[in-house]
Amino acid sequence: MSETETTNVQEAATKHEQILKYIESLKIGSKISVRKIAEMLGVSEGTAYRAIKEADAIGLVATKERVGTVRVEKKLRDQMDKLTFAEVVNMVDGEVLGGMAGLDKTLNKFVIGAMEQDAMMRYIDPGSLLIVGNRSTAHLGALEQGAGVLITGGFGTSEEVKELADRLELPIISSSYDTFTVASLINRAIYDRLIKKKILLIEDIVPQSMQVYALKAHHTLKDWQRLHEDTGHSRFPVVDEWNRVIGMITSKDLIGAEPDQTIDKRMTRGPVTASANTSVAAAAHLMVWEGIELLPIIDMSRKLTGVISRKDVLKAMQHIQRQPQHGETFEDLIWSGFCEEKDGDGHTVFRGTITPQMTNRLGTVSEGVLTVLMTQAAYHAVQDVKKGDLVLDNMASYFIKPVQIDSAVEIRPRIIEVSRKFGKIDVEMHLDGVLVAKAMLTAQVFEP
């Protein structure tokens, strides 16, 4: 690469970071456009567009219907269960009739206005959202108590209500959906956020300003030894002149190396990396699969922002297992109806009933549900003899007979072998003593 080309790349990288810092410095609610940023900072529209997309990904900006891209307050992960009025507008295909300036405010709860107004007002607090039909007096009452209003059935409201909404900066939203549909959509969104909130991400355990030790391709064995003595670590990411990860180097890679031999001759190229929004569980599984001890954390430009060790990940996994569960996934719901028992020989048996939600269009249990049930049985069987988590490698399933709605089934997992790192489990499902499904699972086991 020529000197001119190097300078251009460095300038482009610097401009990208400058744009992000500029966006972060803007006042909440400021409108942002590609053309305006390109002109103001003297960059190409392509560079401005890429920076705005990254700002959107990290939560600095949001694109709103009929408003455009605006600077928003970055939502903390401990507030993920809080919806903004703008998000409600999007999920109910709503139209904002007034109070546009308050779209970024969060709502604490929603109240369905299916009662007399005096009774209704006792339940409305500042930050609430009243879901109601075309009742202008109820709209006014809610606004006066600091709540937003969602009008169902596609109805509008009076000019007096709109003016008050604008003055108080509390949104008035109209949706063509009925009350039940709107409440279901909002409730589902809050529930999904509770599930996301319980998922621990790498950014939750890696500090943003952590000290990262790295080497460059032209560094030598002597440089590695010096850094090893200073830090006590033996594994380091290798970065280029723009701080982008290009390799990993460990003490094993340097066995037999000459003191002046450069790192690029010994490093592992194209290393496995992760981003800050990768889940800790996914990072743990990845490190087990790849057999690696140190995982570099990169941003959207592949620049090194941190590292996470297997010890850090497994410690975080221990923390996850001790936490209460907020919100259930489909897998949780499927397995929740099964209880663990012991048969006459002391073997583990899981018994439960096939519910209507578990079936397909033919009224028999879905193959996907059967797979979940047998996988969960295998997981719990391993948990009884060895604390740890399973990373499924392979599963061979056989569905022998159809299973109808309301069938009471029993699942019998049998551990064939569990070593320090691997497990093999045979699982059978029986209905009235007859084998209806069978699976053989092989998995990797890692201990927290």
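Residues numbered from 1 in each chain as written. Predicted model: local features only at pLDDT ≥ 70, side-chain atom pairs only at ≥ 80, totals over all residues. Heavy atoms only, no water.

The name given to the chain in an unreviewed UniProt entry is DRTGG domain-containing protein, with Paenibacillus oleatilyticus as the source organism.

## Quick look at the overall build of the chain
Scanning the chain from terminus to terminus reveals 14 helices and 23 strands. Within the chain, contacts between residues separated by at least 24 positions form 54% of all contacts whose residues are at least 6 apart in sequence. Accessible surface, the chain as shown: approximately 24300 Å² in total, 51% of it carbon and sulfur. (Helix = DSSP H or I, 4+ residues; strand = E, 2+ residues; numbered from the N terminus. Contact = heavy atoms within 4.5 Å. Areas by Shrake-Rupley, 256 points an atom, 1.4 Å probe, with all protein chains shown as cover.)

## Thoughts on the pattern of salt bridges
Evaluation of the coordinates by the stated rule reveals 14 salt bridges. A salt bridge links Glu 159 to Lys 162; the shortest N-O distance between them is 3.6 Å. Of this pair, Glu 159 and Lys 162 both sit in helix α7 (residues 159–168), 3 residues apart, roughly one helical turn. (Salt bridge = Lys/Arg side-chain N within 4 Å of Asp/Glu carboxyl O.)

## Overview of a negative patch on the surface
Residues Glu 144, Glu 160, Glu 163, Asp 166 and Glu 169 make up a contiguous surface patch of negative charge. Looking at the negative patch, the element that brings in the most residues is α7, giving 3 residues. When you line up the elements, Glu 169 lands in the loop between α7 and β10 (172–174). (Patch = residues over 30% accessible without salt bridge, like charges linked within 9 Å, V, L, I, M, F, W, Y side chains within 5 Å. Lys, Arg positive; Asp, Glu negative; His and termini not counted. Charge placed at Lys NZ, Arg CZ, Asp CG, Glu CD.)

## Looking at unusual backbone geometry
Even without a glycine there, the phi angle at Asn 243 is positive, about 65°. Along the chain, Asn 243 falls in the loop between β12 (236–239) and β13 (245–249).

## Considerations on the packing of aromatic side chains
Here a ring pair, both rings aromatic, is described through the centre-centre distance and the interplanar angle of the planes. Inspection of every chain in the model, using the stated rule, returns 2 aromatic pairs. Taken together, the ring pairs connect Trp 335, Phe 338 and Phe 350 into an aromatic cluster. (Phe/Tyr/Trp six-rings, centres within 6.5 Å; stacked < 30°, edge-to-face > 60°.)

## Points about the packing of helix α2 (residues 34–41) against helix α3 (residues 45–57)
Where α2 meets α3, the axes come as close as 8 Å, and the angle between the chain directions of the two elements is 120°. When you trace α2 past α3, the crossing you get is right-handed. Residues Val 34, Arg 35, Ile 37 and Ala 38 of α2 form the contact with α3, whose own contacting residues are Glu 45, Ala 48, Tyr 49 and Ile 52. Of the residues contributing to the contact of α2 with α3, the split by class is 6 nonpolar, no polar and 2 charged. (Axes fitted to C-alpha atoms, helices over the stretch in contact; angles between N-to-C directions. Left-handed = near helix turned anticlockwise from the far one by under 90°. Nonpolar A, V, L, I, M, F, W, Y, C, P; charged D, E, K, R; others polar.)

## Side note on the sheet that holds strand β17 (residues 304–309)
Spatially, the 3 strands line up as an open sheet ordered β15-β16-β17, and their pairing is mixed. The open sheet has two edge strands with one neighbour each: β15 (274–275) and β17. Two strands pair when backbone bridges link them, and β15 and strand β16 (residues 294–298) are joined in this way by 2 bridges, in the parallel orientation. Its bridge partner lying in β16, Ala 274 is registered against Ile 297. Running at roughly 135° to β16, helix α11 (residues 280–290) makes contact with β16 and β17 of the sheet. (Pairing = 2+ DSSP bridges.)

## Side note on the sheet that holds strand β9 (residues 148–151)
Taken together, 5 strands build an open sheet; the order of strands is β5-β10-β9-β8-β7 and the sheet is mixed. Two strands bound the open sheet, and with one partner strand each, they are β5 (95–98) and β7 (109–112). Looking at each pair of strands side by side, their axes are set apart by 25° on average, direction ignored. With 4 bridges connecting them, strand β8 (residues 128–132) and β9 associate as parallel partners. In the sheet register, Leu 130 faces β9, and the bridge partner there is Val 149. Sitting on the sheet, α7 touches β5 and β10, and the angle it makes with β5 is about 90°.

## Here's the deal with the side chain of Ser 279
Of note, Ser 279 is situated in the loop between β15 and α11. On the basis of relative accessible area, Ser 279 is assigned to the buried category, the value being 19%. Of the polar contacts made by the side chain of Ser 279, one reaches the backbone nitrogen of Ala 282; its length is 3.0 Å. (Buried < 20%, exposed > 50% of the residue type's maximum accessible area, 1.4 Å probe, protein only. Polar contact = N/O pair within 3.5 Å; in protein donor to acceptor, adjacent residues only side chain to side chain.)

## As for α11
Among all positions in α11, only Val 280, Ala 283, Ala 284, His 285, Met 287 and Val 288 are buried. At the exit of α11 stands Gly 291, carrying a positive phi of roughly 65°.

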